[in-house]
Amino acid sequence: MINSYAFAFKAIPLARYCRLSDDDPMDSMGKMTVALLTVDEMAAADKAAIAAGVSGLTLMERAGRAVADAVTRRVRPGASVLVLCGPGNNGGDGFVAARILSERGLRINVALAGARSALKGDAAQMARLWPGAVETLDAVEPAAFDLIVDALFGAGLSRPLAGDVAGIVAAVNASDRPVIAVDVPSGLSGDTGVAAGPVVRAAETVTFFRLKPGHLLQPGRSLCGVVTLADIGITAEMAFGGGHQPKAFRNHPALWRDRWPVHGVDTHKYQRGSALVVAGGLSGVGAPRLGARAALRVGAGLVTIACHPEALAAHAARGPDAVMQRPISDAPALSALLADQRLSAVLAGPALGLDAGARDLVMTILRAHIPAVFDADALTLLAVRPASILRLCERRGAPCVLTPHEGEFARLFGGQAAIRDAPSKLERARRAAAFSGCIIVLKGPDTVIAHPDGTAAINTTGSAALATAGAGDVLGGLIAGLLAQGMPAFEAACAAVWLHGRAGDALGPGLIADDLPEAILPVMRSLTAGDASDLS
Ligand SMILES: NC(=O)C1=CN([C@@H]2O[C@H](COP(=O)(O)OP(=O)(O)OC[C@H]3O[C@@H](n4cnc5c(N)ncnc54)[C@H](O)[C@@H]3O)[C@@H](O)[C@H]2O)[C@H](O)CC1
Ligand SMILES: [K+]
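A quick note: this is a predicted structure, and the numbers were derived from the prediction, not measured.

Focus: the overall build of the protein
Tallying secondary structure elements over the protein gives 22 helices and 18 strands in all. Projected onto its principal axes, the C-alpha positions of the protein cover 80 × 45 × 40 Å. The buried share among the 536 residues of the protein stands at 57%. When the accessible area of the protein is evaluated, it comes to approximately 20500 Å², of which 54% is carbon and sulfur surface. When the 49 positive and 49 negative side-chain charges of the protein are each reduced to one mean point, those points stand 1 Å apart.

Here's what the structure looks like:
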């Protein structure tokens, strides 16, 4: 049963919510707009803002106000709201929200984890501004309220929730009342998107300045509900002006649109790139054709399917005519084909087969100095000798993109404990990229694209509708088609994953992979029209 993770991130043009100041190093849709900051990077941004003259109290007041605005959008006047405050600054945000909501006429109860006297710094100051009573966690019943604000723990979470906080979290989740979480749902790691113990299930999460990886990685993405990003006065200049460059991003055209292939008016088809899809025999004709069509649709000038002679007629009969087919009976025949200097990318995998002949074809491609995408059967064959992927791209002298789902990833990298046991999907993909030297596209409802240098993007387009036969073949073809046109491998993989998800979103539930290649076209037009405002 596929878990249907509907990613409820509000499609808000980030520029509106980030409102980067005019002197930001990037334009309002620039790469820094979609940077993801770890808990530590966010704390550093916090410090940089304070050093730039924005006081911690001001940050907390703005954070609390953003939370109050989110609550006000959700409840009717006079509603009752329970604000659960923790012992730190997450709780401080909660006290600010409580005060503002009370001034707006809502009926507010505040319950605090720990003693009020134990509060320190800005949180203590904001608690003093709260005029009402402060109850203990065991004195409140979440089900008695219209809405709950979870301001227990945020970036300071350091261990699984236990004791009375675990008890109140269980009562909150059992109450089925809407929860607005401050920064992150309590119990969730902002870095990994994983909860080591009890965790709040929120309808909405209000976070500040930039998203964290945990807002986009599952199950964090589902636990957060709709993620609202509030501008609390930290600017990109403050956070990044000192030279710190984030390494994680939300996958977005701002990351790769400036590397999108551009072809001059006098371009001929070979200049638009020539991609080869290496397929198997009659057992699988549809899969390589899906990949080939996708490569054509994304702009490759020429796409050829190299298949076993027994499948030639079947391919020729299936069309479209723009896809050529060539028979290859063995590895030497493929070698000869790969020697054609006009070839600019190869896709190996869809319905390639798993026999010795297929293995020889994959080894032949490994030895060729041509950008390559290894998918499906090709990954299974590579996993037979995992050592063959160590520094694979360095040895080939050409970029490789591996597109494993979790099962294929486990077979490829399961023997590497540092990769297998990494703390998050983001780190597993990064470490696999560093190990293999390849671009890793670790697929799933929260696909991660990772570069060997640690740069990574988490994708937010698409849905469970894409968990359908052939969708992976289309993605492989999109990547190969962009590689063939000369797009750098990391950007090509990010763009393909984003397009693939967007096309799936456009087709909606019940989509079939056959419709995906054509569904790419309107999405591409919105990109190349340069109208970024509706892209988010
Ligand atoms: N970074 C920013 O721009 C802003 C952040 N704000 C808010 O501040 C919190 C982070 O606050 P912090 O005090 O560092 O930590 P928490 O409030 O999340 O945690 C409090 C405290 O709790 C202890 N603790 C940790 N784990 C547990 C546990 N499982 N059980 C019990 N106690 C635990 C630990 O000692 C923590 O220090 C951030 O999330 C924002 O909401 C600013 O208000 C706005 C700007
Ligand atoms: K929280």
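Now that the structure is up, let's keep going.
Considerations on the domain arrangement of the protein
In terms of domain boundaries, the protein breaks down into domain 1 (5-246) and domain 2 (253-257 + 268-527). Using only C-alpha atoms to locate each centre, domain 1 and domain 2 end up separated by 39 Å. At the junction of the two partners, domain 1 supplies 13 residues and domain 2 supplies 12 residues. Both sides of the domain 1 and domain 2 interface together cover about 1100 Å² of buried area, and 71% of this is carbon and sulfur. Here domain 1 and domain 2 share 0 salt bridges between them. Summed over the shared surface of domain 1 and domain 2, the number is 3 residue pairs in polar contact (both at pLDDT 80 or more). A breakdown of the residues in the side of domain 1 that touches domain 2 according to their chemical character gives 8 nonpolar, 3 polar and 2 charged.

Things to note about the coordination of the potassium ion (ligand 2)
Around a metal, the idealised angle for a tetrahedral arrangement of four donor atoms is 109.5 degrees; for an octahedral arrangement of six donor atoms it is 90 or 180 degrees. Coordination of the potassium ion (ligand 2) by the protein comes from Asn 90 (OD1), Asp 150 (O), Phe 153 (O), Val 182 (O), Val 184 (O) and Ser 186 (OG), over a distance range of 2.6 to 3.2 Å. Bound by 6 donor atoms, the potassium ion (ligand 2) shows angles of 66 to 169° at the metal and therefore irregular coordination geometry. Counting gaps between the donor residues of the potassium ion (ligand 2) yields the pattern N-x59-D-x2-F-x28-V-x1-V-x1-S. For Val 182, a relative accessible area of 0% corresponds to the buried category.

Considerations on the UniProt feature "binding site: K(+)" (unreviewed entry) in the protein
Cross-referencing UniProt, the feature "binding site: K(+)" (unreviewed entry) maps to Asn 90, Asp 150 and Ser 186 in the present numbering. Spanning 97 residues, the named residues nonetheless gather at one spot, since no C-alpha pair among them exceeds 9.5 Å. Its place among the elements puts Asn 90 in helix H4 (residues 89-103). For Asn 90, a relative accessible area of 9% translates into the label buried. Apart from residues lying up to four places away in sequence, Asn 90 is in contact with Asp 150, Ala 151, Leu 152, Phe 153, Gly 154, Val 182 and Asp 183. Inspection of the secondary structure puts Asp 150 in strand S5 (residues 147-151). Residues within four places of Asp 150 in sequence aside, it is in contact with Leu 84, Asn 90, Val 179, Ile 180, Ala 181, Val 182, Val 184, Pro 185, Ser 186 and Val 200. In terms of polar contacts, Asp 150 uses its side chain to reach the backbone amide nitrogen of Leu 152, at 3.2 Å.

Focus: unusual backbone geometry
Of the consecutive residues Gln 218 and Pro 219, the connecting peptide bond is found in the cis state with omega at 0°. Among the structural elements, Pro 219 can be located in the loop between helix H7 (213-216) and helix H8 (220-224). One non-glycine residue, Phe 209, lies in the positive phi region at around 70°.

Comments concerning the UniProt feature "domain: YjeF N-terminal" (unreviewed entry) in the protein
What UniProt calls "domain: YjeF N-terminal" (unreviewed entry) maps, in this numbering, to residues 42-240. Between the C-alpha atoms that bound residues 42-240 there is a distance of 11 Å. The span itself is 40% helix and 17% strand.

Comments concerning the site of ligand 1
Around ligand 1, a shell composed of 23 residues is seen, among which Asn 90, Asp 93, Gly 154, Arg 159 and Asp 183 lie nearest. Take Asn 89: an N or O atom from its main chain is 2.9 Å from an oxygen atom of ligand 1. Within the backbone of Gly 154, one N or O atom sits 2.6 Å away from an oxygen atom of ligand 1. Surface burial for ligand 1 is 79%, taken as the share of its 860 Å² of free accessible area covered by protein chains. Secondary structure elements with two or more residues in the shell around ligand 1: helix H2 (39-51), helix H3 (56-74) and H4. Residues that form the shell around ligand 1 fall into these classes: 13 nonpolar, 6 polar and 4 charged.

Remarks on the sheet that holds strand S3 (residues 107-112)
If you trace the 7 strands from one edge of the open sheet to the other, you get S4-S3-S2-S5-S6-S7-S8, paired in parallel fashion. Where the open sheet ends on each side, the last strands, each with one partner, are strand S4 (134-136) and strand S8 (226-230). Going across the sheet, the axis of each strand differs from the next one's by a mean of 25°, ignoring polarity. Summarising the sheet, strand S2 (residues 80-85) and S3 pair through 6 bridges and their orientation is parallel. Paired with Leu 82 across the bridge in S3 is Asn 109. Against the sheet, H3 engages S2, S5, strand S6 (179-182), strand S7 (204-208) and S8, with an angle of about 155° to S7.

Observations concerning helix H6 (residues 163-175)
An α-helix turns once every 3.6 residues. As a result, residues three or four positions apart point the same way. Here H6 spans 19 Å end to end across 13 residues, near enough to the 18 Å set by a 1.5 Å rise per residue. Among the residues making up H6, those that are buried are Val 165, Ala 166, Ile 168, Val 169, Val 172, Asn 173 and Ser 175. Where H6 is buried, its residues contact S2, S5 and S6. Among the residues trailing H6, Asp 176 stands out with phi positive, at a value near 60°.

Brief notes about the pattern of salt bridges
Inspection of the entire model under this criterion finds 18 salt bridges. The salt bridge partner of Arg 65 is Glu 61, with a shortest N-O separation of 3.5 Å. Separated by 4 residues within a single helix, Arg 65 and Glu 61 lie in helix H3, roughly one turn from each other. Connected through salt bridges with shared partners, the residues Glu 61, Arg 65, Arg 99 and Glu 103 form a single ionic network.

What about helix H11 (residues 286-297)?
The end-to-end C-alpha distance of H11 is 16 Å, a good match for the 16 Å that 12 residues give at a rise of 1.5 Å each. For H11, a buried count of 9 out of 12 residues is recorded, marking the element as mostly surrounded by other parts of the structure. If you check which residues of H11 are buried, you get Ala 287, Pro 288, Arg 289, Leu 290, Gly 291, Ala 292, Arg 293, Ala 294 and Ala 295. Immediately beyond the C-terminal end of H11, within one or two residues, lies Gly 299, with a positive phi of roughly 120°.

Here we look at the pairing of S7
Extensive coverage of S7 is indicated by the burial of 5 of its 5 residues. As paired elements, S6 and S7 share 3 bridges and run parallel to each other. Pairing of Ile 180 across the sheet is with Glu 204, part of S7.

Reading the values: rules and limits
Residues numbered from 1 in each chain as written. Chains lettered and ligands numbered in written order. Predicted model: local features only at pLDDT ≥ 70, side-chain atom pairs only at ≥ 80, totals over all residues. Heavy atoms only, no water. Helix = DSSP H or I, 4+ residues; strand = E, 2+ residues; numbered from the N terminus. Buried < 20%, exposed > 50% of the residue type's maximum accessible area, 1.4 Å probe, protein only. Areas by Shrake-Rupley, 256 points an atom, 1.4 Å probe, with all protein chains shown as cover. Lys, Arg positive; Asp, Glu negative; His and termini not counted. Charge placed at Lys NZ, Arg CZ, Asp CG, Glu CD. Domains from an automatic or database assignment. Contact = heavy atoms within 4.5 Å. Buried area = accessible area lost by both parts, 1.4 Å probe. Salt bridge = Lys/Arg side-chain N within 4 Å of Asp/Glu carboxyl O. Polar contact = N/O pair within 3.5 Å; in protein donor to acceptor, adjacent residues only side chain to side chain. Nonpolar A, V, L, I, M, F, W, Y, C, P; charged D, E, K, R; others polar. Donors = N, O, S within 2.8 Å, 3.2 Å for Na, K, Ca; no water. Tetrahedral: all angles 85-135°; square planar, octahedral: opposite > 155°, others 65-115°. UniProt positions renumbered as here; feature names shortened; annotations may be inferred. Near = heavy atom within 4 Å. Pairing = 2+ DSSP bridges. Axes fitted to C-alpha atoms, helices over the stretch in contact; angles between N-to-C directions. Expected span 1.5 Å × (residues − 1).

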